[in-house]
Structure formats: C-alpha cells, structure tokens
Amino acid sequence: MSGIKDNLLIYGKETIVWMSIPRVHYSHVIGLLEVLDDFNGRVDIAKIADDLSLELDDLLPAVDAAELIGFVRVESGDIQLTDKGSIFLSEGTRGRKKQLGERLLILESFKEVIEFISQKEEKAVTKEDLLNFIGERFYESDSEEILKWVIEWGRHGHLLKYDSKEDEIRLV
Amino acid sequence: MSTKDRLTTPVLDVRDVSKEFVHQSKKIPILRDVSFSIHEYEFISIVGPTGCGKSTLLRIIMGLIPPTKGEVIYKGERVQSVNSRMSMVFQSFALFPWLTVLENVELGLEAQGILKEQRNKRALKIMQEVGLEDFENAYPRELSRGMKQRVGFARALVIDPEILLMDEPFSALDPLTAEGLREEVMRLWSDKFTSPEIVIMVTHNVEEAIYLSDRVIVLSQRPGTVILEFNVGMPRPRDRRSPSIYELTDKITSLIA
C-alpha cells in the first residue's frame, strides 16, 4: 500500500475499491512518531530500524499508516514529521484523540463506515451489519481483520465505541 | 524541603535486606544485605542482570513476601503485610480476561471498599488520563499489548498510590510500543495530578533506567547486592539518544555484564 493515497483502482472496466485505513496497532504509530521526534523530525528510515533493532519489514507498516493519516512524509528513504504530526505529538491524551479523529475522517473509506453507522436511527450497528457493509463495499478478502482495525482506530480517534457483549458498534 | 530534611526523613528505607529461598532443602541466597533509602518525588530504577533478585526485592518492598533478614521501613513503620499505599505494574499485565477494561481498572478500588458510583467515576477519570477513553467495554483480548499495559497502569494509578512499583513494565512490548509508552510514563510523571510521589522501577534495560530515573541502583549478579548507586542528574525532558545517556549506559552495562 506504500505510497498509494487513493483507494480506487481502475482495472479494465472494473473499479476496485479497497479500504485505505491503518493496518497496524496505534501504539506502533505513536512509537514511530516519538522516535522521529527524538531525531528532530527527520531521519533515514533504515536508521530508525537500526536504532530499535527492528527489521525494516516490521517498521514499514507503521510508516505506511503514519503516512496515510498524514503525520509523516516519506521522501527518498527519509521519513519526516509533518506539521500535523508535530501538532499531534504536542497534544495531551484528549487532544491527540481529537486530532486523530479528524485525520481518520479524511480517509474516504473510514468516512464511509462512519456515515454508514450514522445513517442508522440509533447511531449503532451490530458487528454483522458492519461486516456485511465492508464485504459488499470494499474489495477485501478478510472483512473480520478490517473490522478489527476499524474498531481499534475508531476508538483511538474518539469516533467509535464497541461493546462485544451487547454486539454494538456505536458512534461516540 | 532542605537537604538536611531529605537526608533525615526518607519515605522508604530498605535496611540490610537479605532473602533466601529453600529448594530441595538447599538454601539459595537471592539478595544479600541490600540497603537504600528513597525520598519524596523520586523516580528510582533498580537495574541488574537476570536473576539478581530485583523482582524479589520489589515484592519485599510491597510486603508481598517477607525478607529472610533485614527490614523495610515505610514512613517510620516496619512493613509486615501488603502495603495498600503501593501498587504494582507487572511485566505480563496481569489482567482478568473475563472482565472489561473498566472492570479491570475498578478492581483495585473494590478491594478498598469504595462505593460503586465513586469507583466508576475515578476509574473513568484515570482511564482518560492514560488514553483508555472509548475502551471501557473492551475485553483484554481486543487490545494490543501496548493497550493492555495502559490498563495495567490505570489499574495501579486508580488507587492514587503513594508509591508506584513497576516490574519490567516495558519488557513484554515490541520496541516501537515500548518507545511510545515510556514517553507516556514520562508525561504522567511530570503531571503532578496523576503522579504518585515515588516510582520504583525494576528493569534489566540500563538505558531505559537512565532515561527515566532520577536515581539508579545497580545490583550485582545473584545474590544481588548494591554495587553502585548514582544520581542521573540530567534535566527533563531528556533525549534518549543523547551522547551523555549513551556514555552512562555503556559504563553501567560494563559493570554488570
């Protein structure tokens, strides 16, 4: 997904839409931003991997996710904190949630999910509802996996609450 | 507080603590004559090689297990049972999988006999501070390791402890997650609202100890005994990648390697 900003692919006459959403844990993105901040906001990606004794393969998904939500920019092997990323880091816990929520809603696929839920009268859906929506709307082989990321990031962005006992995904 | 007062009134005094375990009628010494004092508003780390008894020491300080010899004095009184003014963050999170995040956090308050409504209010407040808002109804299985440890912090902080004990709190986390959570702990520590008066952290990671602490106590190999104690003396916020932290880390690592 690296470098792909759009979630559309025209393939012959078919338009394939997949979900461009972060697919790593939030805590990985936070860690990446904190390290980047220590390197004064710009550094070679390989140097971060080296510093943390991580394989590049383990680091790149976090880089992709951070780039997708606009907190970093990647340029010829260097990763750079954007203004949005710096502001996010400077915020406290609540401020970070707010900033992240705004960034997530810029992602077309994420916005669609939120709109799908907000169209419901009770502003809530079951897990099954959302799985079906994702399965029909997006070109994804593993809707369960996608749903897991939607819920995790939705919670961190103060957009969604999920109660597995009540089987309810609700807008905040 | 004057220097003299600080010297004369430690909050916690570990005096000549030794610990032996008996295994197949053989005595195994774990700790030998460990002594140090801790004052208000100190962040202390205890470092040492694997098996040097540092986790055992933490449990003795909290009153979970008695020392074989010596004593722990907390505010002038000898620790003889579990000290309810202390709470612990564990390496392995130690969450109850059948309880929600909120219920896990409230548990610490239940033991103190605090009413349901109050428990709820305090738990939600501390969860907000550590970034667990919107995760109230989540079960531990829904969480990443990093988030699980945030629950560990919330559960320890919710009782408003005077002393927070942390046993290798970042060791079960991947490097990126650990990086983020260490910063979070620093933020909590500098915020006097959430912060306990004293933090005692046990770690095998020397760099982490230097980065976070005011003072570091270095234990030898088993049986662990204090071989060095030093003030870090670097202003916060610190840069984990600064040359001074590198140098100090090298020096200490060579001592215990």
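One structure accompanies this document, and this report is about it.

So, how was this worked out
The residue numbering used here restarts from 1 in each chain and proceeds along that chain's sequence as written. Here every chain gets a letter starting at A, and every ligand a number starting at 1, in the order they are written. Totals for whole chains, interfaces and linings use every residue, but because this is a predicted model, local features are given only for residues with pLDDT of at least 70 and side-chain atom pairs only at 80 or more, for both listing and counting. Computation of side-chain values covers all heavy atoms of the structure but excludes hydrogens and water. Helix and strand definitions here come from DSSP, where helices need a minimum of 4 consecutive H or I residues and strands a minimum of 2 consecutive E residues; each element is numbered from the N-terminal end. Only C-alpha atoms enter the radius of gyration; for comparison, a globular chain is expected to reach 2.2 Å times N to the power 0.38, where N is the number of residues. Think of it in three bands: with a 1.4 Å probe and only protein chains considered, a residue is buried below 20% of the maximum accessible area for its type, exposed above 50%, and partly exposed in between. For this analysis, residues touch if any pair of their heavy atoms sits within 4.5 Å. Values of accessible area rely on a 1.4 Å probe in the Shrake-Rupley scheme; residue burial ignores everything except the protein chains shown. Whether two strands pair comes down to DSSP finding at least two bridges between them. To get an axis, fit a line to the C-alpha atoms, keeping to the stretch in contact for a helix; angles then go from 0 to 180 degrees between the N-to-C directions. Here roughly perpendicular refers to angles of 65 to 115 degrees, roughly parallel to angles under 35, roughly antiparallel to angles over 145, and oblique to all remaining angles. Asp, Glu, Lys and Arg are counted as charged, while Ala, Val, Leu, Ile, Met, Phe, Trp, Tyr, Cys and Pro are counted as nonpolar; the rest, among them Gly, fall into the polar class. Relevant arc is that of directions from the helix axis to the C-beta atoms, nothing else. Put simply, a crossing is left-handed when the front helix is turned counterclockwise from the back one by less than a right angle, and right-handed when it is turned clockwise. We call two N or O atoms a polar contact when they sit within 3.5 Å, provided that within protein one can donate a hydrogen and the other can accept it, with sequence-adjacent residues counted only if both atoms are side-chain atoms. By definition here, a salt bridge exists when the distance from a side-chain nitrogen of Lys or Arg to a carboxyl oxygen of Asp or Glu is within 4 Å.

## Description of the overall build of chain B
In terms of regular secondary structure, chain B is built from eight helices and 10 strands. For 257 residues, the compact-globule formula gives about 18 Å, and the C-alpha radius of gyration of chain B, at 18 Å, lands near that figure. Within chain B, the proportion of its 257 residues that are buried is 56%. Partitioning the contacts of chain B with sequence separation of at least 6, the portion at a separation of at least 24 is 70%. Summed over its atoms, the accessible surface of chain B is roughly 11500 Å², and 53% of this surface lies on carbon and sulfur atoms.

## Structural notes on the pairing of strand S6 (residues 86–89) of chain B
All names here are of chain B. Residues of S6 alternate between two faces, with Met86 and Met88 on one and Ser87 and Val89 on the opposite face, all of them buried. Here four bridges tie S6 to strand S7 (residues 163–167), and the two strands are oriented parallel to one another. Considered in S7, the bridge of serine 87 is made with leucine 164.

## Some remarks on the packing of helix H1 (residues 26–38) of chain A against helix H3 (residues 56–68) of chain A
Residues and elements named next belong to chain A. It is at 9 Å that the axes of H1 and H3 come closest, and there the two elements cross at 85 degrees. The pairing of H1 with H3 is recorded here as roughly perpendicular in orientation. For the pair H1 and H3, the contacting residues are His28, Val29 and Leu32 in the first and Leu59, Ala62, Val63, Ala65 and Ala66 in the second. Within the contact of H1 with H3, the residues separate by chemical class into seven nonpolar, one polar and no charged.

## Focus on helix H7 (residues 127–137) of chain A
Residue and element names in this part refer to chain A. By the burial criterion, the buried members of H7 are Leu130, Leu131, Phe133 and Ile134. All buried residues of H7 project into a common sector of 160 degrees when viewed along the axis, lining one side. Projecting away from the buried face of H7 at angles above 90 degrees are the exposed residues Glu128 and Glu136. Contacts from the buried residues of H7 go to helix H6 (108–119), strand S6 (124–125), helix H8 (143–156) and strand S8 (168–171).

## A short note on the packing of helix H5 (residues 145–157) of chain B against helix H6 (residues 175–190) of chain B
Residue and element names in this part refer to chain B. Axis separation between H5 and H6 bottoms out at 10 Å; the angle between their running directions is 20 degrees. The orientation of H5 relative to H6 falls into the category roughly parallel. In this structure, H5 crosses over H6, and the sense of that crossing is right-handed. Where H5 abuts H6, its residues Gly146, Gln149, Arg150, Phe153 and Leu157 lie against Thr177, Leu181, Glu184, Val185 and Leu188. For the contact of H5 with H6, the residue count by class is five nonpolar, three polar and two charged.

## Topic: the environment of tyrosine 74 of chain B
All names here are of chain B. Topologically, tyrosine 74 is positioned in strand S4 (residues 69–74). Residue tyrosine 74 is classed as buried on the basis of its relative accessible area, which comes to 11%. With 13 residues separating them along the chain, tyrosine 74 and isoleucine 61 place their C-alpha atoms 8.9 Å apart. In contact with tyrosine 74, other than residues within four places in its own chain, are Val11, Leu12, Val79, Asn83, Arg85, Met86, Glu162 and Ile163. Separated by 3.1 Å, the side chains of tyrosine 74 and glutamate 162 make a polar contact.

## Re unusual backbone geometry
Residue and element names in this part refer to chain B. Following arginine 222, the chain continues to proline 223 via a peptide bond in cis, the omega torsion being -5 degrees. Note on placement: proline 223 falls in the loop between strand S9 (215–219) and strand S10 (226–231). In this model, arginine 236 is joined to proline 237 through a cis peptide bond whose omega is 0 degrees. Tracing the chain through its elements places proline 237 in the loop between S10 and helix H8 (243–256). In the Ramachandran plot, alanine 94 falls in the positive-phi region, its phi being about 55 degrees despite a non-glycine side chain. Mapped onto the elements, alanine 94 comes out in the loop between S6 and helix H3 (101–110).

## Remarks on the pattern of salt bridges
If you walk through the whole model with that rule in mind, you get 36 salt bridges over all chains. The closest approach of N and O atoms between arginine 241 of chain B and aspartate 38 of chain A, which form a salt bridge, is 2.5 Å. Residue arginine 241 of chain B is located in the loop between S10 and H8, and its partner aspartate 38 of chain A is located in helix H1; the two belong to separate chains. Overall, arginine 241 of chain B belongs to the buried group, its relative accessible area being 11%. A salt bridge links arginine 240 of chain B to glutamate 179 of chain B; its shortest N-O distance comes to 2.8 Å. Of this pair, arginine 240 of chain B sits in the loop between S10 and H8 while glutamate 179 of chain B sits in helix H6; the two residues are 61 residues apart in sequence, bridging distant segments of the chain. Taken individually, arginine 240 of chain B and glutamate 179 of chain B each receive the classification buried, so the pair is uniform in this respect. By sharing partners, the salt bridges in this structure join Asp38 and Asp51 of chain A together with Glu179, Arg182, Glu207, Glu208, Arg240 and Arg241 of chain B into a single network.

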